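Observations on the three-dimensional arrangement
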There are 2 protein chains.
Amino acid sequence: MPQLRLALAQVNPCVGDLDGNADLVVEWTRKAVEAGAHLAVFPEMVLTGYPVEDLALRESFAEAARHAVESLAGRLADAGCGDLPVYVGYLDRDEVGARNAAAVLYRGTVVARQYKHHLPNYGVFDEQRYFRPGASLDVLRVHGLEVGMVICEDIWQDGGPISALGAAGVDLIVSPNASPYERNKDDVRLPLLARRAAEAGAPLAYVNQIGGQDELVFDGDSMVIGQDGALLTRAPQFVEHLTVLDLDLPGGAARTAGLVGEFTVTRRTLTESPLEPYQALPTPPAAEPLPDQAEVWSALVVGLRDYVRKNGFESVVFGFSGGIDSAVVAAIAADALGGDAVYGVSMPSAYSSEHSRSDAADLASRIGAHFQVQPIGDMVRVFVDQLGLTGLAEENVQARCRGVTLMALSNQHGHLVLATGNKTELAVGYSTIYGDAVGGFAPIKDVPKTLVWELAKWRNAEAEKRGEVPPIPENSITKPPSAELRPDQLDSDSLPDYEVLDAVLDDYVEGDRGYADLIAAGFDAELVDRVLRMVDRAEYKRRQYPPGTKITFKAFGRDRRLPITSAWRERHPVAH
Amino acid sequence: MPQLRLALAQVNPCVGDLDGNADLVVEWTRKAVEAGAHLAVFPEMVLTGYPVEDLALRESFAEAARHAVESLAGRLADAGCGDLPVYVGYLDRDEVGARNAAAVLYRGTVVARQYKHHLPNYGVFDEQRYFRPGASLDVLRVHGLEVGMVICEDIWQDGGPISALGAAGVDLIVSPNASPYERNKDDVRLPLLARRAAEAGAPLAYVNQIGGQDELVFDGDSMVIGQDGALLTRAPQFVEHLTVLDLDLPGGAARTAGLVGEFTVTRRTLTESPLEPYQALPTPPAAEPLPDQAEVWSALVVGLRDYVRKNGFESVVFGFSGGIDSAVVAAIAADALGGDAVYGVSMPSAYSSEHSRSDAADLASRIGAHFQVQPIGDMVRVFVDQLGLTGLAEENVQARCRGVTLMALSNQHGHLVLATGNKTELAVGYSTIYGDAVGGFAPIKDVPKTLVWELAKWRNAEAEKRGEVPPIPENSITKPPSAELRPDQLDSDSLPDYEVLDAVLDDYVEGDRGYADLIAAGFDAELVDRVLRMVDRAEYKRRQYPPGTKITFKAFGRDRRLPITSAWRERHPVAH
């Protein structure tokens, strides 16, 4: 049976960095060549990064990307990698429009190019806005095996290229992907890939990128599935990784070309005959997907790390309030950048408790962060006295003086400001715009409050397992949450218990269930009424919140947009 | 020849306000009945408002909208309007998904419903995300005439429903629209409608909504075009208006039903025979489209007015700096809400000139606004001294103390804060995030600086024509622009001359031209390099800017998204 050594390059490109991404492809192709691979596959649009958003519409960028893929072919040949066929995703553009494309580079030229067929236009995807779909499938004969390709969404939709390749005949399918992380996504991905491999009657090599890009984070999870649906190997999540796998395939697929269904299948031979039999490498073990909290934590760490680094920052600054949110953000930041890159600022006001400051100092020393205390009393007093502020206006001025302080430190010293709000607060609008919402990035924006606590406990327990100091002060975990903007204020004055609140939000936001459904599910009518009103009213605040790592399908961000001006409220008896 | 009296109801709905919009339909249908109309047409999705964005995905909302259209049919009959067929746009949902729909209400029931076929997914439109397309056309026989319908985008795309109706045979086509204003859009709209009427071989009645909805503003411009392409009548822009027009049509269209092209055409008779001949009303004169500056000004006034009112505010507050931007915003706000609803705040710092304050006071008295002076020196001093700020950090703290002051006044007194930045500043990032970018709405966000001056001069000249006090102090128009954040600072220290800058931005942003094109167009290479770098770097700032009225196709807002994290820069010789 024909053999083939496959290399899956799970790498971390940066959007727009055509030169850097080309270097990345050369570097990892070299590794594949050193490992004796016969075929190498990189992620979807690896050369441009993903998603390029409106850059897709800029002709000069598409032209540069097209040029970059041609010149990369030459570079690979010059680097002694010419004999290895390499699948490289990029942005193409022809007379029809922009294309989500992948090219095969071989002996200094582009020997095949294929355009993505299914263009996702839901959730974070807007591909029907940017790309035109392709309907041709370029199958290559490599060492006696027929190798077909499908790009990302093409494996998520029924029918289409996978069926066509199955009908036309292939021995192997490779699939470049840029598939954003979502919590427990692998539970969906693996069975799906198994089904597709069976549908095509061929093994499927799935390659996904890793790394953070604005709100998205990619987890990799690259893998190879046998045509029987068995998982042959899988790369570890959230790290760059080269998976090298020897396949021993039956070969002998039909070699139908021309129109198959709605696709035009072309065949091209790179190397006609099978390789001489060789000693296969041991199959690399399939990495287990990370356990839930470890997976979420990794996503948050990588999302923050790449946002900071890819945007050219080296350090972060934010308020250390002594509370749980800023403590968890601090632990994430320390894991992402090192404690020395973290600048914590305690900004006590007249209403701050003594433990706020001491818990903040404790946090800084646990993670090795820089720490300073900047009382905001003098600043607040000028505003309150001069403008005659009371009530909510006085509360908000405190949060805003903290925001101005952090931005001033950022402008003076070059740190990126982090906003420490969680998803629960964002959902109900429990934050001060231009106050605690200040920042360039919001690491736990998509983490509900109850999960914040869970992650804190998990991270501390991990530290203890490793014999390290737990990063998060116990007191920050156990004390009742408070904004400390007026005497003896507690979150529970304004909000329902977080366990209940997160349950309602999960149904309303993630589950898109209406008022009647929520009541039917057993929630208290007055509570549901109150929560839904808060959520419906907070759209403007949510839009003004900084971007943050997305870990669910329904993060608040670019893919969730309610009108700001809207009179719609879920109907309910208590309002009538 | 059969006659028919047509009523086009150019109204201003509010997104989500099913009850209020139903009231609006009843009110204007009554007017149509009083005018003796035989057919009334309302805008696209008038019952839900447009665009509903993610509300389209909420089943409880779709269900409520569906219920609302049924119950509206009953209400109209109860109100004595049952014999008038009324075309009402709404949100429908069936087993396939959500639908951009229009129903015909007659004698207490829905007698026809049709789904939009072409779903725009460019610019401000995301309809492929929300709706599934329809492929059926419901033609109604009304007083002996065959009346077909197409919804909005269906007239902007070649082929499709218009051709199918032409092939199947209709005597008249009505078209409900929600077509956002863009500068000089009527120059495109009118020839397009003329072409479509000819294509269908039937007159076309185009009904568009008016009013502001978040970033969009609708100008109306409803009209009727003869099948020869002649403009029969046109409604005035930016005001609610009922156009009543008697048509005298040849009738006798073919009555093909069943599959026509890709569409299923159904026919239904409401009233078989033509009306007895009657005395036609005089044709209402075709309103001229407003001249350029008047049209833009109206768009800005209506956009601001509706954002404020539909969001439940009654007054606005913002900084009166003495400069041109805040002066123009003040004049717009006074035209939109009345001077008494405008609260101007002069916030001088150590670097503010004497004329800043006096020009601001002059502005307030010209437009009859409330005015107060709040020096920011004491606030700024605390931050600067405590945090040891210098340079840019010190400059930004001034802008931010003004932002905190305005938000405090908003929280204390309930005004909506307006941000006064213009499109040129947004493009190049010449603003302070959380400083002058603070606000709930930014009226001139999409107005380039050179157009700001033009509008100021135009508005003053209009006042003089009417014998009124020109709202904008001459000094604010003529003095050189300055941010006044350091001694003797002028915009020209940091930015190219605004005439040149706006010309480059127009080519780069509106024209999507690359570096090479700009050089070829004769711009100085170093200047282009500098401007493009500023624009490319300012994406994060632009995303954090408040929404504002969109007057161009390429406003900075939801429909323009570059990645924040991006290494892409237009290539150019000077950087190498």
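Nothing here was measured: the structure is a model prediction, and the numbers come from that model.

**Considerations on the relation of the copies chain B and chain A**
- When chain B is fitted to chain A, the residual RMSD is 0.0 Å, and the transformation amounts to a turn of 180 degrees plus an axial shift of 0.0 Å. The transformation relating the two chain copies, once decomposed into turn and shift, fits a two-fold axis.
- A shared interface surface links the copies, since 100% of the contact residues of chain B are contact residues in chain A too.

**Side note on the UniProt feature "binding site: deamido-NAD(+)" (unreviewed entry) in chain A**
All names here are of chain A.
- Here the UniProt feature "binding site: deamido-NAD(+)" (unreviewed entry) sits at N396, E425 and K541.
- Among the secondary structure elements, E425 is positioned in helix α11 (residues 423–428).
- Since its relative accessible area comes to 11%, E425 is described here as buried.
- With near-sequence residues (within four places) excluded, E425 lies in contact with D325 and Y430.

**Some details on the UniProt feature "binding site: L-glutamine" (unreviewed entry) in chain A**
- Mapped onto this numbering, the UniProt entry gives "binding site: L-glutamine" (unreviewed entry) at Y122, S179 and K185 of chain A.
- Residue contacts for Y122 of chain A: discarding those within four places in its chain leaves E153, Q157 and F553 of chain A together with R129 of chain B.
- Inspection of the secondary structure assignment puts S179 of chain A in the loop between β8 (172–177) and α5 (186–200).
- Leave out the neighbours within four places in its chain, and S179 of chain A touches C152, W156, K185, R189, Y206, N208, F218 and D219 of chain A.

**Quick look at the pattern of salt bridges**
- Considering all chains together, one arrives at 88 salt bridges over all chains under this definition.
- R93 of chain A is the partner of E59 of chain A in a salt bridge, and the nearest nitrogen-oxygen pair spans 3.9 Å. With E59 of chain A in helix α2 (residues 59–78) and R93 of chain A in strand β3 (residues 86–94), this pair connects stretches of sequence that are 34 residues apart.
- When its relative accessible area of 30% is taken as the criterion, R93 of chain A is described as partly exposed.
- Of the charged contacts, one joins E53 of chain B and R543 of chain A as a salt bridge, the two residues approaching to 3.7 Å between their closest N and O atoms.

**Things to note about the sheet that holds strand β17 (residues 316–319) of chain B**
Residue and element names in this part refer to chain B.
- The four strands are arranged β19-β18-β17-β20 in an open sheet whose pairing can be described as parallel. With one partner strand each, in any of the chains shown, β19 (370–373) and β20 (416–417) form the two edges of the open sheet.
- In the packing of helix α8 (residues 354–367) onto the sheet, the strands contacted are β18 (342–346) and β19, and the crossing angle to β19 comes to about 160 degrees.

**Describing the domain arrangement of chain A**
Residue and element names in this part refer to chain A.
- According to the domain assignment, chain A consists of domain 1 (3–275) and domain 2 (293–488).
- Taking the mean C-alpha position of each, domain 1 and domain 2 sit 40 Å from one another.
- With 14 residues of domain 1 at the interface, the matching set in domain 2 holds 14 residues.
- Its largest share of buried area at the contact with domain 2, domain 1 owes to R183, D214 and F238, together 40% of the area lost on that side.
- In this structure, the connection of domain 1 to domain 2 is made through one salt bridge.
- Where E215 meets K445, a salt bridge forms, and the shortest distance between an N and an O atom there is 3.1 Å.
- Run the count over domain 1 and domain 2 and you get nine residue pairs in polar contact (both at pLDDT 80 or more).
- Among the residues forming the side of domain 1 that touches domain 2, the class breakdown is five nonpolar, five polar and four charged.

**Describing helix α1 (residues 18–34) of chain B**
Residues and elements named next belong to chain B.
- Between the first and last C-alpha of α1 there are 24 Å, a value that for 17 residues agrees with the 24 Å anticipated at 1.5 Å per step.
- As for α1, its buried residues are in contact with β1 (3–10), β2 (39–41), α2 (59–78), β3 (86–93) and β14 (241–248).
- After α1 finishes, the residue G36 shows a positive phi value of roughly 80 degrees.

**Notes on the interface of chain B and chain A**
- Listed by partner, the interface residues are 81 residues for chain B and 81 residues for chain A.
- Between chain B and chain A, the buried area comes to about 6,800 Å², and carbon and sulfur atoms account for 52% of it.
- Taken together, the links from chain B to chain A amount to six salt bridges.
- Inspection of the region where chain B meets chain A yields 35 residue pairs in polar contact (both at pLDDT 80 or more).
- Residue assignment for the side of chain B that touches chain A shows that the elements contributing at least two residues are α1, α2, α3 (127–130), α6 (292–310), α9 (377–387), α10 (391–413) and α18 (539–544) of chain B.
- Considering each element in turn, the side of chain B that touches chain A owes the most residues, 12 residues, to α10 of chain B.

**Description of the packing of aromatic side chains**
Residue and element names in this part refer to chain B.
- Inspection of the entire model under this criterion finds 21 aromatic pairs over all chains.
- When the centroid spacing of 6.5 Å and the interplanar angle of 35 degrees are considered together, the rings of Y122 and F553 count as tilted. Of the two residues, Y122 sits in the loop between β5 (109–115) and α3 while F553 sits in the segment after α18, which places them 431 residues apart along the sequence.
- On the basis of relative accessible area, F553 is assigned to the partly exposed category, the value being 38%.
- On the numbers, 5.5 Å between centres and 65 degrees between planes, the contact of Y181 with F238 is edge-to-face.

**Observations regarding the sheet that holds strand β20 (residues 416–417) of chain A**
Residue and element names in this part refer to chain A.
- Strand order in the open sheet made by the four strands is β19-β18-β17-β20, with parallel pairing throughout. Every other strand in the sheet has two partners, leaving β19 (370–373) and β20 as the edge strands with one partner each.
- Relative to strand β18 (residues 342–346), strand β17 (residues 316–319) runs parallel, the two being bridged by four bridges. In the sheet register, G319 faces β18, and the bridge partner there is V345.
- Contacts from helix α7 (residues 324–337) reach β17 and β18 within the one sheet, and its direction differs from that of β17 by about 170 degrees.
- Helix-sheet contacts for helix α10 (residues 391–413) involve β17, β18, β19 and β20, and the interaxial angle to β17 is about 165 degrees.

**Here's the deal with the packing of helix α12 (residues 449–465) of chain B against helix α15 (residues 498–510) of chain B**
All names here are of chain B.
- The contact between α12 and α15 brings their axes to 8 Å, and the two run at 120 degrees. On the basis of the axis angle, α12 is oblique to α15. Two secondary-structure elements touch here, α12 through K449, T450 and W453 and α15 through Y498, E499 and D502.
- Looking at the contact of α12 with α15 residue by residue, the class counts come to two nonpolar, one polar and three charged.

**Examining helix α5 (residues 186–200) of chain B**
All names here are of chain B.
- In a regular helix each residue adds 1.5 Å, so 15 residues correspond to 21 Å; α5 covers 21 Å between its end C-alpha atoms and thus fits that length.
- Within α5 the residues assigned to the buried category are D186, R189, L192, L193, A194, R196, A197 and A200.
- Positive backbone phi, at 65 degrees, marks G201, one or two positions downstream of α5.

**So, unusual backbone geometry**
Residue and element names in this part refer to chain A.
- With an omega dihedral of -5 degrees, the bond running from Y50 to P51 counts as a cis peptide bond.
- Relative to the helices and strands, P51 is located in the loop between β2 (39–41) and α2.
- Even without glycine at this site, E53 takes up a positive phi of about 50 degrees.
- The topology assignment puts E53 in the loop between β2 and α2.
- Judged by relative accessible area, which is 6%, E53 ranks as buried.

**Side note on the packing of α6 of chain B against helix α7 (residues 324–337) of chain B**
All names here are of chain B.
- At a minimum axis separation of 8 Å, α6 and α7 run at an interaxial angle of 65 degrees. The pairing of α6 with α7 is recorded here as roughly perpendicular in orientation. For the pair α6 and α7, the sense of crossing is right-handed. Along its contact with α6, which presents W297, L300, V301, L304, R305, V308 and R309, the element α7 presents V328, A331, I332, A333, D335, A336 and L337.
- Per-class residue counts for the contact of α6 with α7 are 11 nonpolar, no polar and three charged.

**Details of the pairing of strand β7 (residues 145–149) of chain A**
Residue and element names in this part refer to chain A.
- The buried fraction of β7 is high, at five of five residues.
- Neither face of β7 is open: one carries L145, V147 and M149, the other E146 and G148, and all of them are buried.
- Linkage of strand β6 (residues 136–142) to β7, two consecutive antiparallel strands, is achieved through a turn of two residues, within which H143 is found at a positive phi near 50 degrees.
- In the classification by handedness, the crossover that spans β7, the intervening helix α4 (residues 161–168) and the parallel β8 is right-handed.

**Notes on the nonpolar core**
- Grouped together as the largest cluster of nonpolar side chains are 196 residues, with contacts concentrated most on F320 and F383 of chain A together with F320 and F383 of chain B.
- Discounting residues that sit within four places of it in the chain, F320 of chain A has contacts with S326, A330, V342, G344, V345, S346, A360, L363, A364, I367, A369 and F371 of chain A.

**Looking at the side chain of N21 of chain B**
All names here are of chain B.
- Checked against the element boundaries, N21 lands in helix α1.
- By relative accessible area, N21 is classed as buried at 2%.
- Within the local environment of N21, its side chain forms a polar contact with the backbone oxygen of C14, the two atoms lying 2.8 Å apart.
- A polar side-chain atom of N21 sits 3.5 Å from the main-chain carbonyl oxygen of V46.
- The residues touching N21, leaving out its near neighbours within four places in the chain, are P13, C14, V46, L47, T48 and G49.

What counts and how
Residues numbered from 1 in each chain as written. Chains lettered and ligands numbered in written order. Predicted model: local features only at pLDDT ≥ 70, side-chain atom pairs only at ≥ 80, totals over all residues. Heavy atoms only, no water. Least-squares fit on C-alpha atoms with pLDDT ≥ 70 in both. Contact = heavy atoms within 4.5 Å. UniProt positions renumbered as here; feature names shortened; annotations may be inferred. Helix = DSSP H or I, 4+ residues; strand = E, 2+ residues; numbered from the N terminus. Buried < 20%, exposed > 50% of the residue type's maximum accessible area, 1.4 Å probe, protein only. Salt bridge = Lys/Arg side-chain N within 4 Å of Asp/Glu carboxyl O. Pairing = 2+ DSSP bridges. Axes fitted to C-alpha atoms, helices over the stretch in contact; angles between N-to-C directions. Domains from an automatic or database assignment. Buried area = accessible area lost by both parts, 1.4 Å probe. Polar contact = N/O pair within 3.5 Å; in protein donor to acceptor, adjacent residues only side chain to side chain. Nonpolar A, V, L, I, M, F, W, Y, C, P; charged D, E, K, R; others polar. Expected span 1.5 Å × (residues − 1). Phe/Tyr/Trp six-rings, centres within 6.5 Å; stacked < 30°, edge-to-face > 60°. Parallel < 35°, antiparallel > 145°, perpendicular 65-115°, else oblique. Left-handed = near helix turned anticlockwise from the far one by under 90°. Right-handed = clockwise from strand over helix to strand, strands pointing away. Core = buried A, V, L, I, M, F, W, Y, C linked by side-chain atoms within 4.5 Å.

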